[in-house]
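Secondary and tertiary structure notes
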Amino acid sequence: MKVYATQWLAIVEACLLVALGVQLINASELLVGGTAGLTLIALQFLPDMTFGQVFFLVNLPFYLIALRYLGIGFTLRTFGAVSLLSVFSDLISQYVSLELAHPLIASVLGGLLIGLGLTFLIRAQASLGGITILAVFLERRLSINAARTTLATDMSILMFGLVFFDTLTVVYSIAAFIAVGSVMGRYRKPAFVPPEQLAPEVKVSLQQRTAKA
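As the structure is a computational prediction, the values presented were derived from the model and not from experiment.

Some thoughts on the overall build of the protein chain
Check the secondary structure of the protein chain and you find 10 helices and 0 strands. If you list the helices and strands of the protein chain from N to C, you get α-α-α-α-α-α-α-α-α-α. In the protein chain, buried positions account for 41% of the 213 residues. Within the protein chain, residue pairs in contact and separated by at least 24 positions form 77% of the contacts whose partners lie at least 6 positions apart.

Details of the environment of Phe62
Tracing the chain through its elements places Phe62 in helix 4 (residues 62-69). Residue Phe62 is classed as buried on the basis of its relative accessible area of 18%. The sequence separation of Phe62 and Thr132 amounts to 70 residues, and the corresponding C-alpha distance is 9.4 Å.

What to know about helix 8 (residues 146-164)
With 19 residues, helix 8 ought to run about 27 Å at 1.5 Å a step, and its terminal C-alpha atoms sit 27 Å apart, in line with that. Residues Ala146, Thr149, Thr153, Asp154, Ile157, Leu158 and Gly161 constitute the buried set of helix 8.

Looking at the packing of helix 7 (residues 131-142) against helix 8
When two helices pack together, their arrangement is captured by the angle between the axes and the distance separating the axes. Following both chains from N to C, one finds helix 7 and helix 8 inclined at 135°, their axes separated by 8 Å at the closest point. By the angle between their axes, helix 7 is oblique relative to helix 8. Crossing hand, helix 7 versus helix 8: right-handed. Residues Ile131, Ala135, Leu138 and Glu139 of helix 7 form the contact with helix 8, whose own contacting residues are Ala146, Thr149, Thr150 and Thr153. Of the residues contributing to the contact of helix 7 with helix 8, the split by class is 4 nonpolar, 3 polar and 1 charged.

The rules behind each value
Residues numbered from 1 in each chain as written. Predicted model: local features only at pLDDT ≥ 70, side-chain atom pairs only at ≥ 80, totals over all residues. Heavy atoms only, no water. Helix = DSSP H or I, 4+ residues; strand = E, 2+ residues; numbered from the N terminus. Buried < 20%, exposed > 50% of the residue type's maximum accessible area, 1.4 Å probe, protein only. Contact = heavy atoms within 4.5 Å. Expected span 1.5 Å × (residues − 1). Axes fitted to C-alpha atoms, helices over the stretch in contact; angles between N-to-C directions. Parallel < 35°, antiparallel > 145°, perpendicular 65-115°, else oblique. Left-handed = near helix turned anticlockwise from the far one by under 90°. Nonpolar A, V, L, I, M, F, W, Y, C, P; charged D, E, K, R; others polar.

Spatial relationships are all this shows, so hold off on functional conclusions.
As structure tokens, then:
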């Protein structure tokens, strides 16, 4: 019970970090990768909606994929993380002023916060849905490397960004993409994997080690 409580505490902390990073970037009218980036672009068509509302709606179709291919535990944690991020983002946007002197500062700082938050989520065996779920699904079903799917999606977001944002804004946004990837590339190893999510061969190995001990 204590392990799962710690796991959910990490998810809450991670969502706060990501929400803060996203709102830093959003306040400077920049872009970031992943589902958050898709949401920021979607807001160009839905000016009357908030980031949290659109982000929550964008993720809904992906839960069916997660439930079938990633398990109910991962799906529930991801749903919880998406819901928390949606709420936190709107609360921060409403009650906290996050405008910085230069958009490049917001891009780098926001990217670092998002990367750290996403790392915490991965270590807690959760995600923010959307692109992450799609990447894992394509890797398992079609053997398409998840990193390639993520990279292709991020590049597509940058290309779409050129349609709705000026070139300098997109250039500043690239710093956020780099910052997120830099943090996740160094710290993304999961810290905890529930026993029911272990691969069969890993379970056998652990049982053999326990028996020998």
